[in-house]
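What follows is the residue order along each chain.
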Number of protein chains: 2
Amino acid sequence: MTGLPRRRLLGFAGAGVALAGAGAAVGALSSSRPSSDQVRLTGAEAVPFHGEHQAGITTPAQDRMHFVALDVTTTKRAELVSLLQEWTEAARRMTAGQEAAEGGAVGGNAQAPPKDTGEALDLPPSALTLTIGFGPSLFDERFGLAGSKPAKLIDLPRFPGDDLDERRTGGDLCVQACANDPQVAVHAIRNLVRIGFGRVSVRWSQLGFGRTSSTSTAQATPRNLFGFKDGTNNVKAEDGDALREHVWVAPGDGPDWLVGGTYLVARRIRMHVEIWDRTSLAEQEQIVGRTKGVGAPLGQVAEFDPVDLHVKGKGGLPVIGATAHVRLASAEHLGGVRVLRRGYNFTDGSDGLGHLDAGLFFLCFNRDTGKQFVPMQAALAAGDKMMEYLEHNGSGHFAVPPGVREGGFWGDTLFT
Amino acid sequence: MTGLPRRRLLGFAGAGVALAGAGAAVGALSSSRPSSDQVRLTGAEAVPFHGEHQAGITTPAQDRMHFVALDVTTTKRAELVSLLQEWTEAARRMTAGQEAAEGGAVGGNAQAPPKDTGEALDLPPSALTLTIGFGPSLFDERFGLAGSKPAKLIDLPRFPGDDLDERRTGGDLCVQACANDPQVAVHAIRNLVRIGFGRVSVRWSQLGFGRTSSTSTAQATPRNLFGFKDGTNNVKAEDGDALREHVWVAPGDGPDWLVGGTYLVARRIRMHVEIWDRTSLAEQEQIVGRTKGVGAPLGQVAEFDPVDLHVKGKGGLPVIGATAHVRLASAEHLGGVRVLRRGYNFTDGSDGLGHLDAGLFFLCFNRDTGKQFVPMQAALAAGDKMMEYLEHNGSGHFAVPPGVREGGFWGDTLFT
Ligand code: HEM
Ligand code: HEM
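Since this is a predicted model, take the numbers as computed values, not measurements.

> Run through the packing of aromatic side chains, naming residues and quoting values.
All names here are of chain A. Following the criterion strictly, the structure yields 25 aromatic pairs over all chains and no others. On the basis of an interplanar angle of 75 degrees and a centroid distance of 6.2 Å, the ring pair of Phe228 and Trp276 is categorised as edge-to-face. With a gap of 48 residues between them, Phe228 in the loop between strand 5 (210-211) and helix 5 (240-246) and Trp276 in helix 6 (residues 273-276) connect regions that are remote in the sequence. Each member of the pair, Phe228 together with Trp276, is buried.

> A description of the pattern of salt bridges should follow, citing residues and the corresponding values.
Residue and element names in this part refer to chain A. Counting across every chain of the model gives 49 salt bridges over all chains. Where Arg203 meets Glu166, a salt bridge forms, and the shortest distance between an N and an O atom there is 3.5 Å. Of this pair, Arg203 sits in strand 4 (residues 200-208) while Glu166 sits in the loop between strand 2 (129-134) and strand 3 (173-179), and the two are 37 residues apart along the sequence. With a relative accessible area of 27%, Arg203 lands in the partly exposed category. Residues joined by salt bridges that share partners form a network here, namely Arg268, Arg270, Asp348, Asp351 and Asp357.

> An account of the site of ligand 2 is needed here, citing residue identities and associated values.
All names here are of chain B. Looking at ligand 2, there are 26 residues lining it, with Gly231, Thr232, Asn233, His325 and Arg341 nearest. Gly231 is positioned such that a nitrogen or oxygen atom in its backbone is 2.6 Å from an oxygen atom of ligand 2. In this structure, an oxygen atom belonging to ligand 2 sits 2.9 Å away from a main-chain N or O atom of Asn233. Elements supplying a minimum of two residues to the shell around ligand 2: strand 6 (262-271), helix 8 (325-328), strand 9 (356-366) and helix 9 (373-383). Partitioned by chemical class, the residues of the shell around ligand 2 number 15 nonpolar, seven polar and four charged.

> Talk me through the site of ligand 1; I want residue IDs and the actual numbers.
Residue and element names in this part refer to chain A. Neighbouring residues of ligand 1: 26 residues in total, closest Gly231, Thr232, Asn233, His325 and Arg341. Here Thr232 contributes a backbone N or O atom positioned 3.1 Å from an oxygen atom of ligand 1. Per-element accounting of the shell around ligand 1 gives the leading share, four residues, to helix 9 (residues 373-383). Residue composition of the shell around ligand 1, by class: 15 nonpolar, seven polar and four charged.

> Now, about the relation of the copies chain B and chain A: what can you tell me, with residues and values included?
Superposing chain B onto chain A takes a rotation of 180 degrees plus a shift of 0.0 Å along the axis, which leaves an RMSD of 0.0 Å. Classification of the inter-copy transformation places it as that of a two-fold axis.

> Describe the layout of surface pockets, with residues and values.
If you add up the space inside the largest pocket, you get close to 1200 Å³. Lining the largest pocket are 46 residues, with A:Arg168, B:Arg168, B:Asp348, B:Ser350 and B:Asp357 sitting closest to its centre. Those elements that place two or more of their residues in the lining of the largest pocket are strand 4 and strand 8 (344-350) of chain A together with strand 4 (200-208), strand 8 (344-350) and strand 10 (390-400) of chain B. Classifying every residue of the lining of the largest pocket by side-chain character gives nine nonpolar, 17 polar and 20 charged.

> Explain unusual backbone geometry to me, using residue names and the numbers behind them.
Phi at A:Ser126 is positive, roughly 60 degrees, even though this residue is not glycine. Its location among the elements puts A:Ser126 in the loop between helix 3 (77-95) and strand 2. Take A:Ser126: its relative accessible area is 0%, and that puts it in the buried class. One non-glycine residue, B:Ala127, adopts positive backbone phi at about 60 degrees. Within the secondary structure layout, B:Ala127 lies in the loop between helix 3 (77-95) and strand 2 (129-134).

> Give a detailed account of helix 3 of chain A, specifying residues and quantitative values.
Residues and elements named next belong to chain A. Between its first and last C-alpha atoms helix 3 spans 27 Å; for 19 residues at 1.5 Å apiece the expected length is 27 Å, and the two agree. For helix 3, the set of buried residues is Leu80, Val81, Leu83, Leu84, Trp87, Thr88, Ala90, Ala91, Arg92, Arg93, Met94 and Thr95. Residues of helix 3 that are buried sit in contact with strand 1 (64-72), strand 2, strand 3, helix 4 (182-195), strand 4 and helix 10 (412-415). Downstream of helix 3 by a residue or two, Gly97 has a phi angle that is positive, lying close to 85 degrees.

> Go over the packing of helix 3 of chain B against helix 4 (residues 182-195) of chain B, please, and point to the residues and values.
Residue and element names in this part refer to chain B. Two elements in contact, helix 3 and helix 4, have axes separated by 10 Å at closest approach and are oriented at 155 degrees. Of the possible angle classes, the one that applies to helix 3 and helix 4 is roughly antiparallel. Helix 4 is crossed by helix 3, and the crossing has right-handed handedness. Contact residues: helix 3 offers Leu83, Glu86, Trp87, Ala90 and Met94, while helix 4 offers His187, Ala188, Asn191, Leu192 and Ile195. Split into classes, the residues belonging to the contact of helix 3 with helix 4 amount to seven nonpolar, two polar and one charged.

> Outline the nonpolar core, supporting the account with residue identities and numerical values.
The nonpolar side chains of a soluble globular protein tend to be buried, and buried together. One finds A:Phe226, A:Phe373, B:Phe226 and B:Phe373 to be the most contacted residues of the largest nonpolar core, which totals 72 residues. In this view, B:Phe373 contacts B:Leu156, B:Phe159, B:Val265, B:Arg267, B:Val339, B:Phe362, B:Cys364 and B:Asn366; residues no more than four positions away in its chain are not counted.

Basis of the calculations
Residues numbered from 1 in each chain as written. Chains lettered and ligands numbered in written order. Predicted model: local features only at pLDDT ≥ 70, side-chain atom pairs only at ≥ 80, totals over all residues. Heavy atoms only, no water. Phe/Tyr/Trp six-rings, centres within 6.5 Å; stacked < 30°, edge-to-face > 60°. Helix = DSSP H or I, 4+ residues; strand = E, 2+ residues; numbered from the N terminus. Buried < 20%, exposed > 50% of the residue type's maximum accessible area, 1.4 Å probe, protein only. Salt bridge = Lys/Arg side-chain N within 4 Å of Asp/Glu carboxyl O. Near = heavy atom within 4 Å. Polar contact = N/O pair within 3.5 Å; in protein donor to acceptor, adjacent residues only side chain to side chain. Nonpolar A, V, L, I, M, F, W, Y, C, P; charged D, E, K, R; others polar. Least-squares fit on C-alpha atoms with pLDDT ≥ 70 in both. 1 Å grid on protein atoms, 1.4 Å probe; cavity = no way out; pocket = protein on both sides within 12 Å on 5 of 7 lines; lining within 4 Å. Points joined across faces, edges and corners; volume = space filled by probe spheres on them. Expected span 1.5 Å × (residues − 1). Contact = heavy atoms within 4.5 Å. Axes fitted to C-alpha atoms, helices over the stretch in contact; angles between N-to-C directions. Parallel < 35°, antiparallel > 145°, perpendicular 65-115°, else oblique. Left-handed = near helix turned anticlockwise from the far one by under 90°. Core = buried A, V, L, I, M, F, W, Y, C linked by side-chain atoms within 4.5 Å.

Okay, structure coming up:
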């Protein structure tokens, strides 16, 4: 890696600290009720870019996200490959807190366009991760990739209640940028788009202002816009067995180039918060199957008490009802199926009808979407009372290649 | 004030600290190159709600913003007044880090809808400020306010190049929420909208992810999406004379009810960043009139060196050219006119044409919009080379009432 970091870190003892260390520090700082601001006290460091898996999946979920789906506009395979190589080099640099390319915003030839757009010049790495995915459409005739298409990279079925907007659906490629400073996430996506000029164009994008899932046992559970803790019963980074079983593509699963990778499902879910806000607390808790305050499963006391679907209440009916979200989405109900959730809250202006356009940008990673996300979402779409308050209006499915080795590039196992 | 704070602050020495103190702490922490993350180290405290002026104007600009423009749907003056009273009580509580009403998300009757939506339950005050404004349309026939309309609350003229979108323009009321945690700002707006159900409806709203102006000498200057430092030559909170001259409505200026208030102009400015990014560094610096790296005026060395419009370069031409942004917007060029800028960067998905929809949500406060913002924007619209990269597509003008006394309510000087 060349060039100076964008800035020297002042006052951050944690700079460059490995992730486990950062997670531990968060835990120590805030054992009982950490806030998102406290998490940020250790949120300025760099997250390693290289590894067996891409960062941004089991990385403790950062506070902010910018997600972009792109279409490839060139039809030349060589141009696609060189784009992925240039992107990887820029991603290596930006995740380390450097500018997108040597010379950067102000250090190059003044008569040429700068090689970095500059808006992150004074900002630390902020735990930026960049995670790439390949959509089903990338494997059509254009780039000779049809033979390498993973059989599991299916077109998602239409679920009951889906109200998908073409302008928020699909994409040849996606990049998920997560960081603890939104300006750093937006800067990264914007520079990748800039580098891709003439070869890719933006299909849709989504800004998430607040993480709505924890992905590490060291993180406090954040809240979604229904006001409930979200991510309590998530697959966590510390649970290696669960990751192997539910998240990482293993040898024999599908194409060899995807081993160590995973599948990403994105769903833009509008939440009709005005209607939810007029529902009683008791009804809200029935719908979720957990209490709103501490987030305990109904029938239990503390947030991390195990969900017990068999506890009976007055009248012999299960305390966690037949239409409760945590019942229908549970591994027990679904024959062992789980996914790693990594979503973000959003608000995108208003809907023209007097309401805020707010919701949850649901992101999950799984090893076989057809056997994990699909039956889970099918169960929710069919029976979840929460669906009355939701509208799925954006969707994407992407194969996420494995992590990049030093000297390698995003997707090199597919192209070489 | 009643009820417990949403959470006990852990590890924040600055809780409840007055603003001057918080500003000083920021300055001490980060004398040379503070980052937005460092500013947040002291960004969890509460900002006092009561005072001579509303908070959120000279308050050191927080990192995140949610702005909403609303239409009043009731036609009863009494309902409008009681709404303003209820809003004020909720604003008092939320800016202090409490839930929107006693009982809150989980402490009330379980058979009734909760009195707070809950998504900020574990979060500290985060320097939340809530600032209300009254649009020209509020002073029509509906509420008997026509006689109290400030003569200076003009309908803004159409400027050359304006491309205003009806759906992002106007509004009877506006509320600007600024905070160092976006979830806190979004929570506040959402709860005010909830409280207003049946009396107001959302006309438009805008999320700003990064502040793009400093409003205090203790703050580092942030960068906008053109990569330039923005706010260097702003009117600052510490300059009482400038505030009196350019920002606060004084006795004799206009209606008495507005003394201690000001006027807010909002402009949603799309920035064509893709075109900008293909412009050379030299050209970019000519357009702004400052260097991109340190932000020094052309012809000078350091960021805070005074702008000198008379320095000549090779060929005897002024170094800061005739079409430079800082020349055309300067007090010297405009006969002494200044405004207090308080804008935010935004990205709202994509434009359907392959580009990100990104820009600057320009907010400024001034004492007489017709004599300050209007000639300034007219000069820029006519001569600023930067306009080639901009598109003004949203706009609003609001009279901002003075600060609220203990026991008073937003706008009480207008209604009583
Ligand atoms: C806006 C939409 C949604 C909201 C507000 C929501 C909210 C929640 C909440 C509050 C919990 C309980 C806390 C936890 O364990 O994380 C939960 C659990 C869960 N949700 Fe969702 N969710 C949404 C959509 C989805 C979707 C689309 C899926 C997958 C198709 C999903 C899958 C799950 C799973 C697997 C659990 C854990 C269940 C268990 O206890 O085993 N959720 N959700
Ligand atoms: C996207 C649109 C805009 C961008 C990117 C932008 C950018 C900048 C930059 C980089 C500076 C120099 C640093 C500073 O002193 O703050 C500046 C200065 C300034 N801008 Fe803008 N600006 C924009 C729109 C506007 C508008 C709409 C107005 C008012 C109508 C305005 C008024 C000013 C003023 C008064 C100054 C200070 C000039 C001086 O006295 O030195 N700007 N702007």
